[in-house]
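Read off the chains here:
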Amino acid sequence: MNVVLCDDYQQMSTQAATVFAECLAANPAAVLGLATGSTPIGVYENLIARFKAGEISFAEATSFNLDEYIGLHRDHPQSYYYFMHQQLFNHVDLPSQRIFVPSGVESDYGAYCQWYEDRITEAGGIDLQILGIGSDGHIAFNEPGTALGSRTHITELDHQTIDDNARFFQSKAEVPRRAITMGVATIMDARKIILLATGEHKATAIRDAIAGPVSSECTASALQQHPDVTFYLDSAAACLLPAE
Ligand code: F6R
């Protein structure tokens, strides 16, 4: 497990974007695992700038997003499908047929979750996965108590996550209560993982993820058992880490 301390959000975003650029340079047909939320927006902005400068191309790549709210159609402004198109897909050359964002409006989620897993397997597995972290230690929407062996599934959002994400909606009552999410084991199958966090409100989760026991109470702690994971943190997010 590697930890990179960054001066600020901008530097963190640039460094993470460089990891994507290197991945695409090594393998233009790379399979990318993508996240939503506030944290990766700077990375996506940086990737768009590199694409527009002719430095990178997504033309042969494939992407899989981590999660989606249940009940939101893809044209809902708070759906993760909509978010990804606004923040990245509309601005780069990733072909739409190789963009996978879990659907929030399926009728048979048992079959659909397996279908999503099968698409990842069929694509050859995820080469590079970017993650944020919830203030409750979640990765994707694997809330405290989720089995570390879990695969793509439907989950109830934790009250903490509903509170945290209320900022994106008109009111807390509008935040969906359920989501479809890749499981912890799905994420752990990625060949390389980067996790980004800024701000003091993430410090407890970062401490538990890096220095706590591997436990489903902080699903990010499972990353301790991954062979190639790097945390990119600002000093506020890293402030509770024990001195080496
Ligand atoms: C988003 C996701 C979540 C977020 C996390 C942090 O696809 O899977 O785990 O990464 O909730 O969100 P932000 O970045 O908004 O603090």
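Structural data are supplied above this passage.
Reference entry: report on the structure contained in this document. Nothing here was measured: the structure is a model prediction, and the numbers come from that model.

1. Looking at the site of the ligand
Inference 1: Among the 14 residues in the neighbourhood of the ligand, the closest are listed as Thr39, Asp67, His138, Ala140 and Lys202.
Inference 2: Ser38 is positioned such that a nitrogen or oxygen atom in its backbone is 2.8 Å from an oxygen atom of the ligand.
Inference 3: Between Arg167 and the ligand, the recorded distance is 3.0 Å, taken from a side-chain N or O atom to an oxygen atom.
Inference 4: When isolated, the ligand has an accessible area of 410 Å², and the protein chains bury 94% of it.
Inference 5: Residues of the shell around the ligand, tallied by class, amount to 4 nonpolar, 7 polar and 3 charged.

2. Observations regarding the pairing of strand β3 (residues 62–65)
Inference 1: Every second residue of β3 is oriented toward a common face, with Thr62 and Phe64 on one face and Ser63 and Asn65 on the other, all of them buried.
Inference 2: Pairing between strand β2 (residues 31–34) and β3: 4 bridges, direction parallel. Paired with Leu34 across the bridge in β3 is Asn65.
Inference 3: With helix α2 (residues 41–52) bridging β2 and the parallel β3, this β-α-β connection has right-handed handedness.
Inference 4: Pairing between β3 and strand β5 (residues 99–100): 2 bridges, direction parallel. Looking at the pairing, Phe64 lines up with Phe100 of β5.

3. As for the side chain of Gln129
Inference 1: The residue Gln129 is located in strand β6 (residues 128–131) in this model.
Inference 2: Overall, the relative accessible area of 0% leaves Gln129 in the buried class.
Inference 3: At 3.3 Å, the side chain of Gln129 and the backbone oxygen of Gly33 are in polar contact.
Inference 4: Dropping the residues within four chain positions of it, Gln129 is found in contact with Gly33, Leu34, Leu66, Met182, Ile187, Ala190, Lys192, Ile193 and Ile194.

4. Some remarks on the sheet that holds β6
Inference 1: Across the sheet, which stays open at both edges, the 7 strands sit in the order β1-β10-β9-β6-β2-β3-β5 with parallel pairing between neighbours. Two strands close off the open sheet at either side, each with one partner strand: β1 (2–6) and β5.
Inference 2: For β1 and strand β10 (residues 229–234), the ladder comprises 5 bridges, and the chain directions are parallel. Opposite Val3, over in β10, you have Phe231 as the bridge partner.
Inference 3: Its contacts with the sheet place helix α7 (residues 203–211) against β1, β9 (192–197) and β10, and it is angled at close to 155° to β10.

Conventions we followed
Residues numbered from 1 in each chain as written. Predicted model: local features only at pLDDT ≥ 70, side-chain atom pairs only at ≥ 80, totals over all residues. Heavy atoms only, no water. Near = heavy atom within 4 Å. Polar contact = N/O pair within 3.5 Å; in protein donor to acceptor, adjacent residues only side chain to side chain. Areas by Shrake-Rupley, 256 points an atom, 1.4 Å probe, with all protein chains shown as cover. Nonpolar A, V, L, I, M, F, W, Y, C, P; charged D, E, K, R; others polar. Buried < 20%, exposed > 50% of the residue type's maximum accessible area, 1.4 Å probe, protein only. Helix = DSSP H or I, 4+ residues; strand = E, 2+ residues; numbered from the N terminus. Pairing = 2+ DSSP bridges. Right-handed = clockwise from strand over helix to strand, strands pointing away. Contact = heavy atoms within 4.5 Å. Axes fitted to C-alpha atoms, helices over the stretch in contact; angles between N-to-C directions.

So, to be careful, I would describe these as geometric facts and stop short of saying anything about function.
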